[in-house]
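# Examination of the molecular architecture
Below, each chain spelled out in residue letters.
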Amino acid sequence: MNHHYLFVSAHLDDAIISCGDYIDSLVRAGHHVTIATVFTGSGTTLSLLARILHKKFGLSSDVMKVRREEDVRACDLLGVDTIHLDLQECIYRKDPGGAPLYKMLDDLFHTDYETELDLISEVTTVLSTRLCLTDYDHIYIPLAIGRHVDHGIVRIAAEQAVRNISDLEVSARLIYYEDLPYLNYGQDLQWEIDLAQNLHPVYISLPKCSLKQKAAAILAYRSQIRLLWHSRWEMLKQVIQHAHSCRPPGLQLDPNTYCFRLHAMSAPNQVPLATHVPWNF
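The structure reproduced in this document is the subject of the present report.

Basis of the calculations
Residues numbered from 1 in each chain as written. Predicted model: local features only at pLDDT ≥ 70, side-chain atom pairs only at ≥ 80, totals over all residues. Heavy atoms only, no water. Helix = DSSP H or I, 4+ residues; strand = E, 2+ residues; numbered from the N terminus. Buried < 20%, exposed > 50% of the residue type's maximum accessible area, 1.4 Å probe, protein only. Lys, Arg positive; Asp, Glu negative; His and termini not counted. Salt bridge = Lys/Arg side-chain N within 4 Å of Asp/Glu carboxyl O. Polar contact = N/O pair within 3.5 Å; in protein donor to acceptor, adjacent residues only side chain to side chain. Contact = heavy atoms within 4.5 Å. Pairing = 2+ DSSP bridges. Axes fitted to C-alpha atoms, helices over the stretch in contact; angles between N-to-C directions. Parallel < 35°, antiparallel > 145°, perpendicular 65-115°, else oblique. Left-handed = near helix turned anticlockwise from the far one by under 90°. Nonpolar A, V, L, I, M, F, W, Y, C, P; charged D, E, K, R; others polar.

## Details of the side chain of D179
For D179, the location among the structural elements is in the loop between β5 (174-177) and α7 (182-185). One buried charged residue, D179, forms no salt bridge at all, with the nearest opposite charge on R155 at 7.2 Å. Separated by 2.7 Å, the side chains of D179 and H151 make a polar contact. Those residues within four positions of D179 in sequence are excluded, and the remaining contacts are S18, P142, L143, A144, I145 and H151.

Written as structure tokens, this is what we have:
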């Protein structure tokens, strides 16, 4: 039976950088995948931080238009549908007085969600009204590793949107993915305790051809390569290294496969494509 899966992404690249190989394998297995990206709206009257990041993107005008086009190309490579929800990401948001909410890059990773309660409520409403969550067999959301404010907002809002559904089965189908490249940066040392404490790691065996397809899809986000990595070659090296980094002890794999890891409250055999691994891993 073919199923429909939803990946909720904070930004125009997060889901594919984090899960592009897994998504490719789902599509190869005949399933339907949709990626819904929350923060895709254009900014106006740019802050200094936004202008600096735009320069790193190598884009001077119509930045979000270009980024949305990149996302469509990347999703087309993987054969998945795209939904853009058009809210403004953190570098464009302003306080009631018109001042930027986030002035420094470090501010994006050290925030008090109490200051973003209105936005969390708005994202929850958008997810609930723009997406029919009960239509999806599984809903994948970020763990928020790295503590990027937008990733955390999306996680909190998606959890709330799912709790608001009366169909309790939907809550059991919520699955969490690890945020890349933030996990690879190695700076969030407490994520397993803080963000995955009540979840089970679930391991999936993926073919190496899916890793190649993921790398090709990431390269479609041309404006983001220089921001997240020093070069495309560094990106490719990091993607390959990560693919070989999360294999649990004792798990035997075919030489043409590698391990991918997700996190869920449900049993591993309820996660699509899961390799049966004891929970104590």
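## Some thoughts on the pattern of salt bridges
Tallied over the entire structure, the rule returns ten salt bridges. Between R28 and D24 there is a salt bridge, with its nearest N and O atoms 2.5 Å apart. With R28 and D24 both in helix α1 (residues 14-28) and four residues apart, this pair spans about one turn of that helix. Classification of D24 by relative accessible area gives buried; the value is 5%. Residues joined by salt bridges that share partners form a network here, namely R93, E116 and D150.

## Topic: the sheet that holds strand β8 (residues 274-275)
Reading across the sheet, the eight strands line up as β3-β2-β1-β4-β5-β7-β6-β8 and stay open at both edges, with mixed pairing between neighbours. Every other strand in the sheet has two partners, leaving β3 (81-87) and β8 as the edge strands with one partner each. Together, β2 (32-39) and β3 form the strand contacts of helix α3 (residues 63-78), whose direction differs from that of β3 by roughly 160 degrees. Contacts from helix α5 (residues 149-163) reach β1 (4-9), β2, β4 (138-142) and β5, with the element oriented near 150 degrees to β4.

## A few points about the packing of α1 against helix α9 (residues 208-219)
For the pair α1 and α9, interaxial distance at closest approach is 8 Å and the crossing angle is 130 degrees. In terms of their interaxial angle, α1 and α9 are classed as oblique. Pair α1 / α9 crosses with right-handed handedness. Residues I16, I17, S18, G20, D21, D24, S25 and R28 of α1 form the contact with α9, whose participating residues are C209, S210, L211, Q213, K214, A217 and I218. Of the residues that constitute the contact of α1 with α9, the class distribution is six nonpolar, five polar and four charged.

## Quick word on the environment of S9
Within the element layout of this structure, S9 appears in strand β1. Along the backbone, S9 and Y140 are 131 residues apart, and their C-alpha atoms lie at a distance of 8.7 Å. At 2.7 Å, the side chain of S9 forms a polar contact with the backbone oxygen of H11. Engagement of the side chain of S9 in a polar contact is seen with the backbone nitrogen of A15, the distance being 3.2 Å.

## Comments concerning the side chain of H31
Secondary-structure assignment places H31 in the loop between α1 and β2. Exposure remark for H31: the relative accessible area of 14% places this residue in the buried category. Polar contacts involving the side chain of H31 include one to the main-chain amide nitrogen of H3, which spans 3.1 Å. Other than its neighbours up to four places away in sequence, H31 contacts M1, N2, H3, Y5 and L26.

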